[in-house]
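Fold and contact review
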Amino acid sequence: MCYIVCLVFSGDEKAINAEKEDMAKRNEEQLAKIIKDLRAKMGLTQEQFAAKVGVTFSTVNRWENDRGKPSPLAMRRIEELRVEINSREHKRSR
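Quick look at the structure, then. All values derive from a computational prediction rather than experimental measurement.

**Topic: the overall build of the chain**
Regarding its fold elements, the chain presents 5 helices and 0 strands. Listed by position from the N terminus, the elements making up the chain come as α-α-α-α-α. The proportion of buried residues among the 94 residues of the chain is 27%. Here the analysis covers contacts within the chain between residues at least 6 apart in sequence; of these, 48% occur between residues at least 24 apart. In the form shown here, the chain has an accessible surface area of approximately 6800 Å², with 54% of it arising from carbon and sulfur atoms.

Next comes the structure, spelled out in structure tokens:
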């Protein structure tokens, strides 16, 4: 974060944009892993997970392979599934 702030003060627009792109790429890679891990925790195939989220198998495949990202509506459903799974795990650990 300090790196970006320092770049802003130095006025290096190319470096700022490159850093932003790098951060966005890392976030997308993390999202792909989160989706894949959630599906694995649920014990679902990509096709089964897609049905729960309301998208196609190929869409889930693109998300997990970092070739696309979920729409806001799909993200909302994914987050609901994460909360549901975490709640179940929490109840089991008691």
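Here the narrative resumes, following the displayed structure.
**Observations concerning empty space enclosed by the protein**
Under the counting rule described, the total for this entry stands at 1 cavity of 30 Å³ or more. Here the largest cavity is characterised by a volume of approximately 30 Å³. Around the largest cavity sit Glu28, Leu31, Ala32, Ile35, Trp63, Asp66, Gly68, Lys69 and Pro70, which together line it. Its residues assigned to classes, the lining of the largest cavity shows 5 nonpolar, 1 polar and 3 charged.

**Side note on the packing of helix 3 (residues 46-53) against helix 4 (residues 57-64)**
Here helix 3 crosses helix 4 at 105°, and the two axes come no closer than 8 Å. In terms of their interaxial angle, helix 3 and helix 4 are classed as roughly perpendicular. For the pair formed by helix 3 and helix 4, the contact residues are Gln46, Glu47, Phe49, Ala50 and Val53 on the first element and Phe57, Val60, Asn61, Trp63 and Glu64 on the second. A class-by-class count of the residues in the contact of helix 3 with helix 4 yields 6 nonpolar, 2 polar and 2 charged.

How each quantity is defined
- Residues numbered from 1 in each chain as written.
- Predicted model: local features only at pLDDT ≥ 70, side-chain atom pairs only at ≥ 80, totals over all residues.
- Heavy atoms only, no water.
- Helix = DSSP H or I, 4+ residues; strand = E, 2+ residues; numbered from the N terminus.
- Buried < 20%, exposed > 50% of the residue type's maximum accessible area, 1.4 Å probe, protein only.
- Contact = heavy atoms within 4.5 Å.
- Areas by Shrake-Rupley, 256 points an atom, 1.4 Å probe, with all protein chains shown as cover.
- 1 Å grid on protein atoms, 1.4 Å probe; cavity = no way out; pocket = protein on both sides within 12 Å on 5 of 7 lines; lining within 4 Å.
- Points joined across faces, edges and corners; volume = space filled by probe spheres on them.
- Nonpolar A, V, L, I, M, F, W, Y, C, P; charged D, E, K, R; others polar.
- Axes fitted to C-alpha atoms, helices over the stretch in contact; angles between N-to-C directions.
- Parallel < 35°, antiparallel > 145°, perpendicular 65-115°, else oblique.

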